[in-house]
Amino acid sequence: VIPGWFSEMSPMWPGEAHSLKVEKILFQGKSDYQNVIVFQSSTYGKVLVLDGVIQLTERDECAYQEMITHLPLCSIPNPKKVLVIGGGDGGVLREVSRHSSVEKIDICEIDKMVVDVSKQFFPRVAVGFDDPRVTLHIGDGVAFLKAVPEGTYDAVIVDSSDPIGPAQELFEKPFFASVAKALRPGGVVCTQAESIWLHMHIIEDIVANCRQIFKGTVNYAWTSVPTYPSGVIGFMLCTTEGPPVDFKHPINPIDADDRHVKTTGPLKFYNSEMHTAAFCLPSFARKVIESK
Ligand code: AAT
């Protein structure tokens, strides 16, 4: 450990650790679920860390939050009801709120401390909570989904932490089954699905489970996020049986002059070309994912 630096270490990426220089520690707390730290870095702005793992930095959060949201929502016409699991920082809410067709946004985050800390230290992320369409539920996403009536949502976005800790069940088959039940026919889910460089074994399991459960399209996409382990992160995109969805060709582009730009700022990362490109896979990953 180098004094004055934060190093991200985990058994999920043994033998490597990405480090950021710390200017100042702004918050340290322990919730019922995890350790919460916010620090000012010298090159990535403020950083939110849960149990030693970086959840977002001010500089590159746009890449993750925009892609995990707009990959599903720009792939279907007129999304109206959206559910976010995790995502207590509010960044995915901020992105969902760019879609004027959306009427209702539910979010179920397990840890209220994440919400409070985001409102205090990350106002440009937590701005998502200001949208009147948002209802916040504090609780476990697994239990929340079990209680959702069948066919409720057009889209479910699972913005979850890694499968060590409170998010473990969000990577398991019964969870995917309750997501499928909560979606309308032809509804879409997009889940945080780790790194092709570090976690092909996890991705393999997710793909195998999703192919059994989701009878529509099942695709893997990925993007670049410099402060996530290995610098990339992926998403599992699936649809239930119903009107066909072609994830690779978005049919619901976001209005360039959308009415929410005043409060949220313009898109920084997502565009239709990035959307299509996100589904191109390196040969080693394609081989595994397409064979499942
Ligand atoms: N948008 C920032 C990126 C995240 S946040 C993940 C959120 O999921 C955290 O706020 C965490 O408290 C919440 N969470 C974890 N488990 C559950 C659960 N069972 N139910 C509801 N919410 C949960 C993801 C960062 C990815 C990091 C990649 N290394």
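In what follows, the accompanying structure is described. None of these values were measured; they are calculated from a predicted model.

What to know about helix α3 (residues 112–121)
Looking only at α3, the buried set comprises Val114, Val115, Val117, Ser118 and Phe121. Where α3 is buried, its residues touch β2 (18–30), β3 (35–41), β4 (46–50), β7 (104–109), α4 (123–126) and β8 (134–138).

Considerations on the sheet that holds strand β5 (residues 53–57)
An order of β1-β2-β3-β4-β5 is seen for the five strands of this open sheet, with the pairing classed as antiparallel. The open sheet is flanked by β1 (5–8) and β5, the only strands paired with a single partner. Here the strands of the sheet are splayed against their neighbours by 45° on average, with no regard to which way each runs. In this structure, β2 lies alongside β3, joined through seven bridges in antiparallel fashion.

Details of helix α7 (residues 200–213)
Taking 1.5 Å as the rise per residue, α7 with 14 residues should run 20 Å; its terminal C-alpha atoms sit 20 Å apart, in good agreement. Looking only at α7, the buried set comprises Met200, Ile202, Ile203, Ile206, Val207, Asn209, Cys210 and Ile213. Contact partners of the buried residues in α7: α6 (173–182), β11 (218–224), β12 (232–239) and α10 (283–291).

Some words on the pattern of salt bridges
By the definition in use, this model includes eight salt bridges. One salt bridge in this structure joins Glu58 and Arg124, with 3.8 Å as the shortest N-O distance. Placement of the pair is Glu58 in the loop between β5 and α1 (61–73) and Arg124 in helix α4, with a sequence separation of 66 residues. Owing to a relative accessible area of 64%, Arg124 belongs among the exposed residues under this scheme. Three or more residues are tied together by salt bridges with common partners; here these are Glu61, Arg94, Glu95 and Arg98.

Cut-offs used in this document
- Within each chain, residues carry numbers counting from 1 in the order of the written sequence.
- Predicted model: local features are reported for residues with pLDDT of at least 70 only, side-chain atom pairs are reported and counted for 80 or more only, and whole-chain, interface and lining totals are derived from all residues.
- Computation of side-chain values: all heavy atoms of the structure, hydrogens and water removed.
- Only protein chains enter the accessibility calculation, which uses a 1.4 Å probe. A residue is then buried if its area is under 20% of the maximum for its type, exposed if over 50%, and partly exposed in between.
- Under the scheme used here, helices are H or I runs from DSSP no shorter than 4 residues and strands are E runs no shorter than 2 residues, and both carry numbers assigned from the N terminus.
- Here, residues are in contact when the closest pair of their heavy atoms is within 4.5 Å.
- Strands qualify as paired when DSSP identifies two bridges or more between them.
- All axes here are fitted lines through C-alpha atoms, helices being fitted over the stretch that makes contact, and every angle between N-to-C directions spans 0 to 180 degrees.
- For a helix, the expected span equals 1.5 Å multiplied by the residue count minus one.
- Think of a salt bridge as a Lys or Arg side-chain nitrogen and an Asp or Glu carboxyl oxygen that are within 4 Å of each other.

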